[in-house]
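Coordinate analysis (summary)
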Amino acid sequence: MRYTNYFIPTLKETPSDAEVVSHQLMLRAGMIRKLAAGIYNYLPLGLRSIRKVETIVREEMDRAGAIELLMPSVQPAELWQESTRWEQYGKELLRFKDRKDAEFCLGPTHEEVVTDIVRREVKSYRQMPFNLYQIQAKFRDEIRPRFGLMRGREFIMKDAYSFDVDSSASDLSYDKMYQAYRRIFQRCGLKFRAVEADTGSIGGSSSHEFMVLADSGEDAIVSCTQCEYAANVEKAEARPAPAEHAEPRPLEKVETPAKRSVEEVTAFLGIPSSALVKTLLVVADGTPVAALVRGDHDLNEIKLKHLLGCETLEMANEEMVTRVTGAPVGFAGPVGLNIKIVADLAVQGMKNFVTGANAGDLHLKNVTIGRDFTPTQYADIRNVVHGDPCPRCEAGHLELWRGIEVGHVFKLGTKYSEALRATYLDADGKEQIIFMGCYGIGISRTVAACIEQNHDADGIIFPIPIAPFHCIVSAVNTKDAEVMAACESLYLDLRAAGVEVLFDDRDERPGIKFKDADLIGIPLRLVVGSKNLADGKVELKSRRTGEVELLPLAGAVEKVRNIVAEAL
Ligand SMILES: O=C(C[C@@H]1CCCCN1)Cn1cnc2cc(Cl)c(F)cc2c1=O
Ligand SMILES: [Mg+2]
């Protein structure tokens, strides 16, 4: 492609409303342009990269035996009413009516639609296993779309659905997808981790997320230094702490005037935060519950919600705190509290610690469990922290990373097949419910995540497999006929060798061309200038390493072709 015939509206300035690097660089590199909040035009360069990810996804999904179909984006409300999700989702589900006033939504995902297809077509166990997938624009009316393609409202997703006769067969389908996802993200040239994840609202039994490691990632994950354990912090398990052997000292009230937070109280009393226990009041399906976690730990609301088995869980407001504890916020404690008390495992066995006294400006010292109060139950309800011992092996400990979720695979069980009566007759002619799995990849988000992980001060550094072009040929002086002739032949020979080339034939100063080449992140750059050309040489620069080497013109095509072939 010749630059002068292409459409790459690069920007010098960083747009002010772009907060993360990938958003800034995709705008500056002329890859995307915003149409509306969270809704983007994929300009030619951005689309080429998206198509590269789609192609890798398609190849690996097909290799795993999945079959591509395409379902409508517009979905009838009836299906969502059958699955009861029509009421379950709020404003995030974009609903509208057609000319006959019938209700529809713009598809955020397609469990109901694909289950409707299968319930009409599958009657026998012989027809399974199979896996249907699509690559299609989804719409989720996020309350705060931001970060460009990282959290858009309309985005491109590959969503796949597996259908099996029973749970163990469904596990095999799940493993096939898990392995396919590993190959996909490896082929995209990304550093990623597959982590155990919470299933969230979708239900089902277990799930894994595929996280691109990047400091700007919204998700916190941990991985063990010794074994394969890795999990989203929402789900990562903490081990019980070793019990303390100190002698319990007598309980004591202590004045803590207007000292509410962990920081204020521990500073005021001169104790470490691990010697204080926070009493957090939550409301589970309307009932107040006290959650106790050590001062240096944080409550994991997802773990607590699963433990309590409640539909809704939120932090108690000031009015509730005062009503339940008899004290203003910041002085809640477990002693004398007559509501359910769930204590984190790290609190079990603690002695002589500080808690609120359920009275204004008062705390208690030397609190000891069993003597001063007894929790209703102990459970793992905290977020693990960097350095915690691994819950799976003896030797390792957990390291904390930030990640960007680009894939999520779920064991769905019969949640949708039950609701929509998708059944089959087994070998004995008995009616059985179909077991499902669902598997998503954020295609457009993967491109953004790749840039979050691969950039420097000059711009994007695309891995070759998902770069918009493999190589850019930069003519230093377009007025020099020999330079242009050499560029033309390089351009044609490279294309003939299967290298995707962008020929920068603009009548621009070399500095502008080099800045643009670095900004849009094309992995390899061939610079053709009259001085080197006179010696029969061209300059090859690697965008990732910055390495520059002078090549004989004759060998340039072969060299570039080999580098590209090696990386694909
Ligand atoms: O989408 C999934 C699960 C998997 C992910 C992989 C591909 C198939 N679906 C979870 N989820 C997330 N956000 C949603 C938002 C809305 Cl508004 C909705 F109505 C439904 C969902 C919803 O179900
Ligand atoms: Mg997810």
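A short tour of the structure in this document, coming up.

Moving on, we get to the sheet that holds strand S28 (residues 501–504). Spatial strand order, S28-S27-S29-S30-S31: 5 strands in an open sheet with mixed pairing. For this open sheet the edge positions go to S28 and strand S31 (548–552), each flanked by a neighbour on one side alone. Averaged over all pairs of adjacent strands, the angle between their axes in this sheet comes to 25°, without regard to strand direction. Both strand S30 (residues 537–542) and S31 contribute to a ladder of 5 bridges, which runs antiparallel. In the sheet register, Lys 541 faces S31, and the bridge partner there is Val 548.

Moving on to the pattern of salt bridges. Pairing is possible between side chains that carry opposite charge, provided their charged atoms lie close to one another. Per the stated rule, a full pass over the model turns up 40 salt bridges. Among the salt bridges present, the one from Glu 500 reaches Lys 52, with a minimum N-O distance of 2.8 Å. With Glu 500 in the loop between helix H12 (481–496) and S28 and Lys 52 in helix H2 (residues 44–63), this pair connects stretches of sequence that are 448 residues apart. Judged by its relative accessible area of 25%, Glu 500 falls in the partly exposed class. In this structure Lys 52 comes out as buried when scored by relative accessible area, which is 15%. Several salt bridges converge on common partners, so that one network encompasses Glu 59, Glu 60, Arg 63, Arg 183 and Arg 187.

With that out of the way, let us pick up H2. With 20 residues, H2 should reach 28 Å at 1.5 Å per residue; the first-to-last C-alpha distance of 28 Å fits that figure. Among the residues of H2, those classed as buried are Leu 45, Gly 46, Ser 49, Ile 50, Lys 52, Val 53, Glu 54, Ile 56, Val 57, Glu 60 and Met 61. Immediately beyond the C-terminal end of H2, within one or two residues, lies Gly 65, with a positive phi of roughly 90°.

Turning to the site of ligand 1, a few remarks are in order. Taken together, 17 residues surround ligand 1, and among them Trp 80, Arg 85, Thr 109, Glu 111 and Arg 140 come closest. Within the side chain of Arg 85, one N or O atom sits 2.7 Å away from an oxygen atom of ligand 1. Using a 2 Å cut-off from the grid points, one finds that ligand 1 occupies the largest pocket. Contributing elements (two or more residues each) for the shell around ligand 1: strand S8 (154–164) and strand S24 (435–442).

Next up on the list: the coordination of the magnesium ion (ligand 2). Taken together, Glu 405 (OE) and His 408 (ND1) make up the full set of protein donors to the magnesium ion (ligand 2), lying 2.1 to 2.2 Å away. We classify Glu 405 as partly exposed; its relative accessible area is 22%.

Each pocket or cavity is described by its volume, and for the largest pocket that value is around 1,800 Å³. Along its surface, the largest pocket is lined by 49 residues, and Tyr 89, Arg 140, Thr 199, Gly 200 and Ser 201 are the ones closest to its centre. The set of elements that each furnish at least two residues to the lining of the largest pocket consists of helix H4 (85–88), S8, helix H8 (301–308), strand S21 (398–413), S24 and helix H11 (443–453). When residues in the lining of the largest pocket are grouped by element, the largest group, 6 residues, is from S8. For the lining of the largest pocket, the class distribution of residues is 19 nonpolar, 14 polar and 16 charged. Estimated volume of the second largest pocket: approximately 400 Å³.

Counting buried residues along strand S7 (residues 130–139), 9 of its 10 residues qualify, which places the element largely inside the surrounding structure. Relative to S7, strand S3 (residues 67–68) runs parallel, the two being bridged by 2 bridges. Residue pairing for S7: Glu 68 is matched across the bridge by Tyr 133. As defined by bridge partners, S7 adjoins S8 across 10 bridges and the pair is classed as antiparallel. Within S8, the residue paired with Phe 130 across the bridge is Phe 163.

Tracing the sequence through the fold places Met 320 in helix H9 (residues 318–325). Once the C-alpha coordinates of Met 320 and Val 282 are considered, the two residues, 38 residues apart in sequence, prove to be 9.2 Å apart.

Basis of the calculations
- Residues numbered from 1 in each chain as written.
- Chains lettered and ligands numbered in written order.
- Predicted model: local features only at pLDDT ≥ 70, side-chain atom pairs only at ≥ 80, totals over all residues.
- Heavy atoms only, no water.
- Pairing = 2+ DSSP bridges.
- Helix = DSSP H or I, 4+ residues; strand = E, 2+ residues; numbered from the N terminus.
- Axes fitted to C-alpha atoms, helices over the stretch in contact; angles between N-to-C directions.
- Salt bridge = Lys/Arg side-chain N within 4 Å of Asp/Glu carboxyl O.
- Buried < 20%, exposed > 50% of the residue type's maximum accessible area, 1.4 Å probe, protein only.
- Expected span 1.5 Å × (residues − 1).
- Near = heavy atom within 4 Å.
- Polar contact = N/O pair within 3.5 Å; in protein donor to acceptor, adjacent residues only side chain to side chain.
- 1 Å grid on protein atoms, 1.4 Å probe; cavity = no way out; pocket = protein on both sides within 12 Å on 5 of 7 lines; lining within 4 Å.
- Sits in = over half its atoms within 2 Å of the grid points.
- Donors = N, O, S within 2.8 Å, 3.2 Å for Na, K, Ca; no water.
- Points joined across faces, edges and corners; volume = space filled by probe spheres on them.
- Nonpolar A, V, L, I, M, F, W, Y, C, P; charged D, E, K, R; others polar.

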